[in-house]
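# Coordinates in review
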Amino acid sequence: MNDLSENFFTGLLQERKTINIVKQLESLNEFLKNNIQVDNNENDISYNPIYLSNGVAVSPEIAVHCFQDYIRTHRFMLALYRAVQEKLEQFPKRKIKILYAGCGPYCPLILPLLYLFNSTNIEIDVIEINPYSLKSAKQIISFIGKNQYIKKILCIDATQYKPEKEDCFDIIISETMDKALEIEPQVSIFLNLFSYLKKEGILIPEKVTVDLYATDIRKEKSSDYEFYLDTSTTKSNQIQRTFIKNIITLDKSFLKLQHSKKNQENIYLTSLKISDLATENIDLLYITSLKIYKSITLSEDESLLTLKVYALTLTDKIIDSQVEFSYRLNNDPRIIKKII
Ligand SMILES: C[S@@+](CC[C@H](N)C(=O)[O-])C[C@H]1O[C@@H](n2cnc3c(N)ncnc32)[C@H](O)[C@@H]1O
């Protein structure tokens, strides 16, 4: 591919066949890689992750791997595009304000907007904590001649960022998460940015759900090729599992509730009486799924964000106990369980 175009992004967003989505995003990957000129010094500190007090901001290299999680990237692009379309229909006479937190070196999720909407209709603030990623994202936007869409582009921590006004964005998008909401700071970022979203504003992803399932781990299969093409393994694992309960749902209601509580390090989620479990299966798994926007979702094995996570094995020793689940908001954020 020599250049990006409106046609390329129209085709990409209309594409439904996994194999074609992967091919098209591979060519976008090549284009972006070939047009970034920032120093390629492996010893540069910016090749490292940044350890924040509320999670790890992945290195530019890992952020590129996230881009290469192609079904994820495609669904997030599509979700943002649809959200902008809807906001423009709702407010045709004013600019739609978008905040993109954690753009990575490719700034990928907003790229379709820069070709499919007019710059008189949208304005985008971009924030990123990693200086290398930000420099690279700036270069890409300049290289493709789209600076007119960007109002601000700042190297700043999204968990601390305080825009000038509350309730100012129509859409806030951030994909700063890992499976089961572990390690990365998505929850802290949303907790901080939520007050800057308009009342009827759209948060992307709209909902992240982590559910608990019981299984027999010895019967679980693993994908032996690209996991997003291996629906038979996913189906065979799903058949033998029993749904236990929802552990956390990160959405606007969760954020509203937590906002009123302020500065908690541990958010109590739910508890489970082990003797109440009506299942033979004794291994517990966290299964993550995303409603990115309306009907655009990501379910198990469709992306790295939705791979299963082992939670716990129930042994005879704890049969009379309860498990209490909470979400820990420190430098290693994750769901934690306490047996009581
Ligand atoms: C998983 S990558 C996603 C990159 C890109 N948005 C995409 O979808 O491919 C997450 C990015 O968010 C950035 N990030 C993580 N925590 C951040 C924070 N607290 N403030 C600003 N950026 C952050 C990381 O440096 C990384 O570039």
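Residues numbered from 1 in each chain as written. Predicted model: local features only at pLDDT ≥ 70, side-chain atom pairs only at ≥ 80, totals over all residues.

## A look at the overall build of the protein
For clarity, the cut-off: Each helix is a run of DSSP H or I of at least 4 residues and each strand a run of E of at least 2, with the numbering of both proceeding from the N terminus. Radius of gyration here uses only the C-alpha atoms, and the compact-globule reference equals 2.2 Å multiplied by the residue count raised to the power 0.38. Three classes are used. A residue is buried when 20 or more other C-beta atoms lie within 10 Å of its own, exposed when 12 or fewer do, and partly exposed in between, with C-beta atoms placed from the backbone. Note on contacts: each residue gets a C-beta atom placed from the backbone, and two residues are in contact if those atoms are within 7 Å.
Scanning the protein for helices and strands turns up 9 helices and 15 strands. Taken over the C-alpha trace, the protein has a radius of gyration of 21 Å; the compact-globule value for 340 residues is 20 Å, and the two agree within 12%. Along the longest, intermediate and shortest principal axes, the C-alpha atoms of the protein span 65 × 45 × 45 Å. Per-residue burial for the protein yields a buried fraction of 40% across its 340 residues. In the protein, of all internal contacts separated by at least 6 residues, the share reaching a separation of at least 24 is 80%.

## A word on the domain arrangement of the protein
Using the following cut-off: An automatic or database domain assignment provides the domain bounds reported here. Three categories are distinguished: nonpolar for Ala, Val, Leu, Ile, Met, Phe, Trp, Tyr, Cys and Pro, charged for Asp, Glu, Lys and Arg, and polar for the others, with Gly belonging to the last.
For the protein, the domain assignment lists domain 1 (6-207) and domain 2 (208-245 + 263-339). Summarising the inter-unit geometry, the C-alpha centres of domain 1 and domain 2 are found 28 Å apart. Residue-level contacts link 30 residues of domain 1 with 28 residues of domain 2. Only β1 (50-52), α4 (70-90), α7 (186-193) and β7 (197-204) provide two or more residues apiece to the side of domain 1 that touches domain 2. No other element matches the 8 residues that α4 contributes to the side of domain 1 that touches domain 2. The residue makeup of the side of domain 1 that touches domain 2, split by class, is 16 nonpolar, 5 polar and 9 charged.

## As for the sheet that holds strand β15 (residues 334-339)
Rules: Following DSSP output, two strands are said to pair if at least two bridges run between them. To obtain each axis, a line is fitted to C-alpha atoms, and for helices this fit is confined to the stretch in contact; angles are then taken between N-to-C directions over 0 to 180 degrees.
If you walk across this open sheet you meet the 3 strands as β10-β14-β15, and the pairing is antiparallel. Sheet topology places β10 (266-273) and β15 at the edges, where each strand pairs with a single neighbour. Along the sheet, successive strands turn relative to each other by an average axial angle of 25°, direction set aside. As judged from the 6 bridges shared by strand β14 (residues 322-328) and β15, these two strands associate in the antiparallel manner. Paired with Glu324 across the two strands is Lys338, which belongs to β15.

## Section: the sheet that holds β7
Within the open sheet, the 5 strands sit side by side as β5-β4-β3-β6-β7. Their pairing is parallel. Taken across any chain shown, the strands that pair with only one partner, and hence form the sheet edges, are β5 (150-155) and β7. Each adjacent strand pair in this sheet contributes to an overall mean axis angle of 15°, direction not counted. In this sheet, β7 lies alongside strand β6 (residues 169-173) in parallel orientation, the contact comprising 4 bridges. Across the sheet, residue Ile173 finds its bridge partner in β7, namely Ile204. With respect to the sheet, α4 is in contact with β3 (96-101), β4 (122-128), β6 and β7, its orientation differing from that of β6 by roughly 175°.

## Structural notes on the site of the ligand
We apply this condition: Nearness is defined per residue: the C-beta atom, placed using the backbone, must lie within 6 Å of the molecule or strand.
Close to the ligand lie 25 residues, the nearest being Ala57, Gly102, Gly104, Ile129 and Ala158. The set of elements that each furnish at least two residues to the shell around the ligand consists of α3 (60-67) and β4. Of all the elements, α3 adds the most residues to the shell around the ligand, at 3 residues. Per-class residue counts for the shell around the ligand are 15 nonpolar, 7 polar and 3 charged.

## Comments concerning helix α2 (residues 18-34)
Applicable threshold: Helix span is expected to be 1.5 Å times the residue number reduced by one. This arc describes the spread of directions from the helix axis toward the C-beta atoms.
With 17 residues, α2 extends 24 Å between its outermost C-alpha atoms, agreeing within 8% with the 24 Å of an ideal straight helix rising 1.5 Å per residue. Taken together, the buried positions of α2 are occupied by Ile21, Leu25, Leu28 and Leu32. Looking straight down α2, one finds that the buried residues subtend no more than 50° of arc, so they occupy a single side. When the buried face of α2 is taken as reference, the exposed residues oriented beyond 90 degrees from it are Ile19, Asn20, Ser27, Glu30, Lys33 and Asn34. Contact partners of the buried residues in α2: α4 and α6 (131-143).

## Points about the pairing of β4
Rules: When the strands point away from the viewer, a crossover counts as right-handed if the path from the first strand over the helix to the second runs clockwise.
Burial runs high along β4: 6 of the 7 residues are buried. Examined bridge by bridge, β3 and β4 share 6 bridges and lie parallel to one another. Opposite Lys97, over in β4, you have Glu123 as the bridge partner. Between the parallel pair β3 and β4, the chain is carried across by helix α5 (residues 111-116), and the sense of this crossover is right-handed. Bridge count between β4 and β5: 5 bridges; the pairing is parallel. Residue Ile127 lies in a different strand from β5, and its bridge partner there is Leu154.

## Examining the packing of α2 against α4
We apply this condition: To sort the angles, those under 35 degrees are grouped as roughly parallel, those over 145 as roughly antiparallel, those from 65 to 115 as roughly perpendicular, and the leftovers as oblique.
Running from amino to carboxyl end, α2 crosses α4 at an angle of 85°, the nearest separation of the two axes being 9 Å. Taken together, α2 and α4 sit at an angle that is classed as roughly perpendicular. Contacts between α2 and α4 involve Thr18, Ile21, Val22 and Leu25 from the first element and Tyr70, Ile71, Thr73 and His74 from the second. The class makeup of the residues in the contact of α2 with α4 is 5 nonpolar, 3 polar and no charged.

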